[in-house]
Amino acid sequence: MTISYAARKRLGVNASALVLTVVAVVMLLPMLWMAFTSIKPDSGIFSKTPLRWPESLTFDHYANLFTQFHFGTSFVNSTVIAVVTVVVSVVVGGLASYGFARYPFRGSGLALALLMVARMVTPAALVVPLYVIMQTLGLLNSVTGVIVGVTVLNLPFVIWILKPFFETVPREIEEAAELDGLSPVAVFFRIVLPLARPGIMTAVLYSFLAGWTDLLFPMTFITDDEVMPLTSSLLQMQTGYKIYWGELMAGGVVLTLPAVILCFALQRYLLRGLRTGY
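What counts and what doesn't
Residues numbered from 1 in each chain as written. Predicted model: local features only at pLDDT ≥ 70, side-chain atom pairs only at ≥ 80, totals over all residues. Heavy atoms only, no water. Domains from an automatic or database assignment. Contact = heavy atoms within 4.5 Å. Buried area = accessible area lost by both parts, 1.4 Å probe. Salt bridge = Lys/Arg side-chain N within 4 Å of Asp/Glu carboxyl O. Polar contact = N/O pair within 3.5 Å; in protein donor to acceptor, adjacent residues only side chain to side chain. Nonpolar A, V, L, I, M, F, W, Y, C, P; charged D, E, K, R; others polar. Helix = DSSP H or I, 4+ residues; strand = E, 2+ residues; numbered from the N terminus. Buried < 20%, exposed > 50% of the residue type's maximum accessible area, 1.4 Å probe, protein only.

Focus on the domain arrangement of the protein chain
Working step 1: Taken domain by domain, the protein chain comprises domain 1 (5-38) and domain 2 (71-277).
Working step 2: Contact residues are listed per partner, giving 5 residues for domain 1 and 7 residues for domain 2.
Working step 3: With both chains or domains summed, domain 1 and domain 2 bury close to 450 Å², and 88% of this area falls on carbon and sulfur atoms.
Working step 4: When the area that domain 1 buries against domain 2 is broken down by residue, the three leading residues are M34, T37 and S38, summing to 80%.
Working step 5: At the junction of domain 1 and domain 2, the tally comes to 0 salt bridges.
Working step 6: Summed over the shared surface of domain 1 and domain 2, the result is 0 residue pairs in polar contact (both at pLDDT 80 or more).
Working step 7: Residue composition of the side of domain 1 that touches domain 2, grouped by class: 3 nonpolar, 2 polar and no charged.

What to know about the environment of K163
Working step 1: As for its placement among the helices and strands, K163 is situated in helix α6 (residues 143-168).
Working step 2: Residue classification places K163 among the buried residues on the basis of a relative accessible area of 11%.
Working step 3: Note: C-alpha distance between K163 and A96 (67 residues apart in sequence) is 8.8 Å.

Description of the environment of T223
Working step 1: On the secondary structure map, T223 appears in the loop between α10 (216-221) and α11 (230-235).
Working step 2: With a relative accessible area of 61%, T223 lands in the exposed category.
Working step 3: Note: C-alpha distance between T223 and L140 (83 residues apart in sequence) is 8.7 Å.
Working step 4: Among residues more than four places away in sequence, those in contact with T223 are N141 and M228.

Structure (structure tokens):
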């Protein structure tokens, strides 16, 4: 019996959908476990059915985040770190990437390769030199020091992400804008950036996640509770005598939600970015 091409194609699509569904369920199970645990009373956290809907709900763990662990201040600190990282990475990385795409020079390929090699260096190897630099500049125990550290690691990747998008923008459009009297900087911000929106949104998402979820630099540069972001505040729930599991899971939900919401909001740009970029 010969199976037609359409049937084989349909079978392949269904098989792929089944595999992706199983993978998605497996990936979501820890998040569901975390969410259910965050609304369970302490007596029900260690039940044998962790994914079962709790018989009694409590939001005390969420309240304790803001009364005992200063999560409000940490949320503001994380927001500042993530937003400033996005702005600096996209503006500086965008200008650098546009320069590589439109004004190539002798050795530009080598420079791009060196940028990627620098990004491949493990962040732990940069902690000590960056710590010395932050100490010299007086940036320890400040969100500025964390922003600098995260941005240093983030910029090479942003440059590589944006370069192919700028290369797809027709030069004729830029030349027409310059003939209308726009300066090169105005052409970049008013013409090129809107046309490269999928790449920009991809860089925004990546930069936000880098700043929002970073733990290495806050843990190294910050010891003051008033300056700690969310990732460092979660560590305070694990002491030598007790682990506050309910608050820890609630904090994980608070940390995860903004990233999930942003991913859903920018997913159409992200998909277009994956098709266009390297």
